[in-house]
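Descriptive analysis of the structure
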Amino acid sequence: MAHIQKRGPGRYKARYRDPAGKERSKTFARQIDAKRFLTSVEGAKLRGEWTDPRLGRTPFREWKAKVGETQVGRRESTIVRDESVMRNMVLPAFGSTPLASIDSAGIKAWVSKLSAQGKAPATVRKAYQLLAAVLEEAVDVGMIPRSPCRKIPLPRSESHDMHFLSSPQVALLADSIDPRYRALVLAGAYTGLRIGELTALRTSRIDFLRRSVRVEETLNEVRGHLRFGQPKTKASRRTVSIPAALGDTLDEHLTAYPAEGDDLVFTAPEGGPFRRSAFRRRTWIPALEAASRKAPGFGHWIAGKDGSPEFVPAVRIHDLRHTHAALLVAQGVHPKVLQERLGHSSIRTTLDTYGHLFDGLDEAAAEGLDLAFREAAAAPRRPEAGAQVLTLAQ
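So, how was this worked out
- Residues numbered from 1 in each chain as written.
- Predicted model: local features only at pLDDT ≥ 70, side-chain atom pairs only at ≥ 80, totals over all residues.
- Heavy atoms only, no water.
- Pairing = 2+ DSSP bridges.
- Helix = DSSP H or I, 4+ residues; strand = E, 2+ residues; numbered from the N terminus.
- Buried < 20%, exposed > 50% of the residue type's maximum accessible area, 1.4 Å probe, protein only.
- 1 Å grid on protein atoms, 1.4 Å probe; cavity = no way out; pocket = protein on both sides within 12 Å on 5 of 7 lines; lining within 4 Å.
- Points joined across faces, edges and corners; volume = space filled by probe spheres on them.
- Patch = residues over 30% accessible without salt bridge, like charges linked within 9 Å, V, L, I, M, F, W, Y side chains within 5 Å.
- Areas by Shrake-Rupley, 256 points an atom, 1.4 Å probe, with all protein chains shown as cover.
- Salt bridge = Lys/Arg side-chain N within 4 Å of Asp/Glu carboxyl O.
- Lys, Arg positive; Asp, Glu negative; His and termini not counted.
- Charge placed at Lys NZ, Arg CZ, Asp CG, Glu CD.
- Axes fitted to C-alpha atoms, helices over the stretch in contact; angles between N-to-C directions.
- Phe/Tyr/Trp six-rings, centres within 6.5 Å; stacked < 30°, edge-to-face > 60°.
- Lys NZ or Arg CZ within 6 Å of the ring centre and 35° of its normal.
- Expected span 1.5 Å × (residues − 1).
- Arc of directions from axis to C-beta.
- Parallel < 35°, antiparallel > 145°, perpendicular 65-115°, else oblique.
- Left-handed = near helix turned anticlockwise from the far one by under 90°.
- Contact = heavy atoms within 4.5 Å.
- Nonpolar A, V, L, I, M, F, W, Y, C, P; charged D, E, K, R; others polar.

A word on the sheet that holds strand E4 (residues 206–207)
Strands sit in the order E4-E5-E8 across an open sheet of three strands; the sheet is antiparallel. A strand with exactly one partner marks an edge of an open sheet, and here the two such strands are E4 and strand E8 (238–241). Across two bridges, the pairing between E4 and strand E5 (residues 212–215) is antiparallel. Among the inter-strand pairings, Asp207 is bridged to a residue of E5, identified as Ser212.

Things to note about the side chain of Thr249
For Thr249, the location among the structural elements is in helix H10 (residues 244–256). Thr249 gets classed as buried once you look at its relative accessible area, which sits at 13%.

Things to note about empty space enclosed by the protein
Throughout the structure, instances matching the rule amount to three cavities of 30 Å³ or more. The computed volume of the largest cavity comes to approximately 80 Å³. What lines the largest cavity is a set of 13 residues, among which Leu193, Ile195, Leu198, Ile317 and Leu320 lie closest to the centre. When residues of the lining of the largest cavity are traced back to their parent elements, those giving at least two are helix H8 (182–191), helix H9 (195–199), helix H11 (276–292) and helix H12 (319–330). Among the elements that line the lining of the largest cavity, the one with the most residues is H8, at three residues. Looking at the second largest cavity, its volume works out to about 40 Å³. Around the second largest cavity sit Leu193, Glu197, Ala200, Leu201, Arg202, Arg205, Arg214, Val215, Glu216 and Glu217, which together line it.

Topic: a negative patch on the surface
Taken together, the side chains of Asp359, Asp362, Glu363 and Glu367 present a region of like negative charge at the surface. Relative to the elements of secondary structure, Glu367 occurs in helix H15 (residues 361–378).

Structural notes on the sheet that holds strand E2 (residues 12–17)
Strand order across the open sheet formed by three strands is E1-E2-E3, with antiparallel pairing between neighbours. Every other strand in the sheet has two partners, leaving strand E1 (3–6) and strand E3 (23–28) as the edge strands with one partner each. Between one strand axis and the next, the sheet turns through 25 degrees on average, direction left out of account. Pairing geometry for E1 and E2, over four bridges, is antiparallel. Paired with His3 across the two strands is Arg15, which belongs to E2.

Some points on the pattern of salt bridges
Within the structure shown, the criterion is met by 17 salt bridges. With a closest N to O distance of 3.2 Å, Asp207 and Arg210 form a salt bridge. On the basis of relative accessible area, Arg210 is assigned to the exposed category, the value being 64%. Here Glu216 ties to Arg214 by a salt bridge, and the two come within 2.9 Å at their closest N and O atoms. Each of Arg202, Arg205, Arg214, Glu216 and Glu217 takes part in a single network of salt bridges with overlapping partners.

Thoughts on the packing of aromatic side chains
Per the counting criterion, the structure on display carries five aromatic pairs. Between the aromatic rings of Tyr181 and Phe274, the centroid separation amounts to 5.6 Å while the plane-to-plane angle is 75 degrees, which identifies the pairing as edge-to-face. Here Tyr181, found in the loop between helix H7 (167–176) and H8, pairs with Phe274, found in the loop between H10 and H11; they are 93 residues apart in sequence, far enough to count as distant. Take Tyr181 and Phe274: they sit in the same class, and that class is buried. Here the aromatic rings of Tyr181 and Phe279 are separated by 5.1 Å at their centres, their planes lie at 75 degrees, and the arrangement is edge-to-face. Remark: Phe279 occurs in helix H11 and Tyr181 occurs in the loop between H7 and H8; sequence separation between them is 98 residues. As far as the burial class goes, Tyr181 and Phe279 line up, both buried. Taken together through their ring pairs, the aromatic side chains of Tyr181, Phe274 and Phe279 make up a single cluster. Note that Arg202 overlies the ring of Phe228, its terminal NZ or CZ placed 5.0 Å from the centroid.

Some thoughts on H10
The end-to-end C-alpha distance of H10, which contains 13 residues, comes to 19 Å, matching closely the 18 Å that a straight helix rising 1.5 Å per residue would cover. Leu246, Gly247, Thr249, Leu250, His253 and Leu254 are the residues of H10 that are buried. Projected down its long axis, H10 carries its buried residues within an arc of 160 degrees, all on one side. The outward face of H10, more than 90 degrees from its buried face, is lined by the exposed residues Ala245, Glu252, Thr255 and Ala256.

Observations regarding the packing of H12 against helix H13 (residues 335–342)
At their nearest, the axes of H12 and H13 sit 10 Å apart, and the two run at 155 degrees to each other. Overall, the two elements H12 and H13 adopt an arrangement that is roughly antiparallel. Along this stretch, H12 crosses H13, giving a crossing that reads as right-handed. Residue-level contacts link Arg321, His324, Ala325, Leu328 and Val329 of H12 to Leu338, Arg341 and Leu342 of H13. Here the residues of the contact of H12 with H13 sort into five nonpolar, one polar and two charged.

Structure representation (structure tokens):
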């Protein structure tokens, strides 16, 4: 039975038995605090939420190291990315904090601080997800009674995180880039493949007769090494239909830059797979700058340190994928088709990412219905087949 013992001036020992029957105690300076503690302990025992207080004193960093040892089945590139976010954003804030001392208030303050530092919404959300995953593991093994990651307001990924090009802008960018990568730009905008999927595309996976490409492999740079691997999810392994014009473009590309055997469609100038970081610096940004001199929408110019104009790119390589989604939505393509082409695991991912693009379609649908309504009202009425027509006397 839980009870309180007075052990001298300002010393009250709260005694209780844990669910296993082992006697435990905790000392307080005030009797009222001891009573409140015992009330909370008994309530937790009744709800099945009691945990050993000693386990909750484990520092977050120490528990994170143990959790990391049990996580298997993740892609190497994902592991490297998550380790970087954990090392640079999560551990500096919570690494030395005992698990039981991490509370919602502290997490909210941390999220707000990251946003104030200018971290991208997607980056902040990823950091929060990693923190929450470690704390959920602690709940599962009984180190803490519940996770403090509840109802934490997170920054929304606004549409300005994406950049959508129009078809003329895609054509201008394709004409402005090194001719070796003209087809890459057009393929990105008109297939929606991720850059890692495009750079891993092999000639045998292009079906010119059926006008389609198969996504079966991806290329990523991990710790400075290029690695071919499986697509990130089961849904990412897919076949995507391509426009006839793009098929002709790919055919022309392989004629100008022939692949040997089952080689890569897009390669580095010296052959073989190319590094995305080098491609962006040497080829992508110069193409954006060249296109920007002819039309707006690819970046902006600022005064450099010496006063001369300096170009700041606005369009990322991944924005070709976003452009593909926008082009399809503008055509009224069903979200399910969009999901399958992009290789999303669920329709929710598609709508969470591109739902704002559908906003104007409801008004367009209403206008279409209005047109149908007025055309029907203006059309001459004809009697139904078999109906009797009465002729009235003059």
